[in-house]
Amino acid sequence: MPQEHVTVWARPERGTRGPAAVHSRAELAAVAVELADRGGLSAVSMRQVAKELGTGQASLYRYISGREDLLDLMTDAVAEEIDLGVPLRGDPVADLVALAARTKAVHLRHPWLSDVPPEPLRLGPRGLDYLEHALRAMASVRLSGPAKLEVVALMNALVAQFARAELQGSRGNTDRQTAQAAYLNEAAAQGDRPHVAAAMADHTAADPKEDPQAQFERTMHRVLTGLVPPEPS
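Note that the coordinates shown come from a computational prediction; the quantities given were computed from them, not determined experimentally. (Residues numbered from 1 in each chain as written. Predicted model: local features only at pLDDT ≥ 70, side-chain atom pairs only at ≥ 80, totals over all residues. Heavy atoms only, no water.)

(A) Inspection of the overall build of the protein chain at higher detail. Looking only at helices and strands, one finds 9 helices and 0 strands in the protein chain. Each of the 233 residues in the protein chain was classed as buried or not, and the buried ones make up 33%. Sequence separation of 24 or more characterises 71% of the internal contacts of the protein chain that already satisfy a separation of 6 or more. Total accessible area computed for the protein chain in this model is approximately 14,200 Å², and 56% of it derives from carbon and sulfur atoms. (Helix = DSSP H or I, 4+ residues; strand = E, 2+ residues; numbered from the N terminus. Buried < 20%, exposed > 50% of the residue type's maximum accessible area, 1.4 Å probe, protein only. Contact = heavy atoms within 4.5 Å. Areas by Shrake-Rupley, 256 points an atom, 1.4 Å probe, with all protein chains shown as cover.)

See the structure below:
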């Protein structure tokens, strides 16, 4: 009979068999986060975490069952960096946009976050605090519980996508980007795609020095305004 899987948060902090544990899950998470910050998510392995801790790889299995548990610990650890103490203003959309902005800042500090395989239920204690805060911001919104959870999930997906694009843009190949822009402009000028041409004309007229954060918040506000119904007058 296959053994039932139990999330890392539902298991004891330390195993009861074998030698006494000398490390904690928090230490494992801190080491793994540091490795990922330096070398990306691919730099994180059970072997490398054990090496950084000065212990054998087998000893880590007293704390976690494998790399997925390690990812759970890492994502929850950095979720603590999102300030949930900011008072809510009573405007659900504005409060969610502000939360999204603080979340994106964490993604920019930890670029590997966008590479963690998305799982809707990858939630630890700090992740649950984040979810509680987001749902509290929507307490007065006339949506069902599942619909509110979908709003949070979409918001987080957009945060990850914008953070990834901003990071790639900061390290981007300028020559490649210039060539891509030239191709789009030439294609729009051919006249057989009038809607593309109109959109590109508006894009060219836009402020090229616009702050990426302003663009993010504007887009997020538009999306959330469409998802969150206004309160009854």
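(B) Fine view of the packing of helix H4 (residues 92-109) against helix H9 (residues 212-227). Their axes nearest at 9 Å, the elements H4 and H9 cross at an angle of 140 degrees. If you check the angle between H4 and H9, you find them oblique. In the packing of H4 onto H9, the handedness of the crossing is right-handed. Contact residues: Val 93, Leu 96, Val 97, Ala 100, Ala 101 and Lys 104 in H4; Gln 213, Phe 216, Glu 217, Met 220, His 221, Leu 224 and Thr 225 in H9. (Axes fitted to C-alpha atoms, helices over the stretch in contact; angles between N-to-C directions. Parallel < 35°, antiparallel > 145°, perpendicular 65-115°, else oblique. Left-handed = near helix turned anticlockwise from the far one by under 90°.)

(C) Summary view of the packing of helix H1 (residues 25-39) against helix H2 (residues 46-53). One can describe the packing of H1 onto H2 by two numbers: an axis separation of 10 Å at closest approach and a directional angle of 110 degrees. With respect to H2, the axis of H1 lies roughly perpendicular. The hand of the H1/H2 crossing is right-handed. Mapping the contact onto sequence places Leu 28, Val 31, Ala 32, Leu 35 and Arg 38 in H1 and Gln 48, Val 49, Glu 52 and Leu 53 in H2. By residue class, the composition of the contact of H1 with H2 is 6 nonpolar, 1 polar and 2 charged. (Nonpolar A, V, L, I, M, F, W, Y, C, P; charged D, E, K, R; others polar.)

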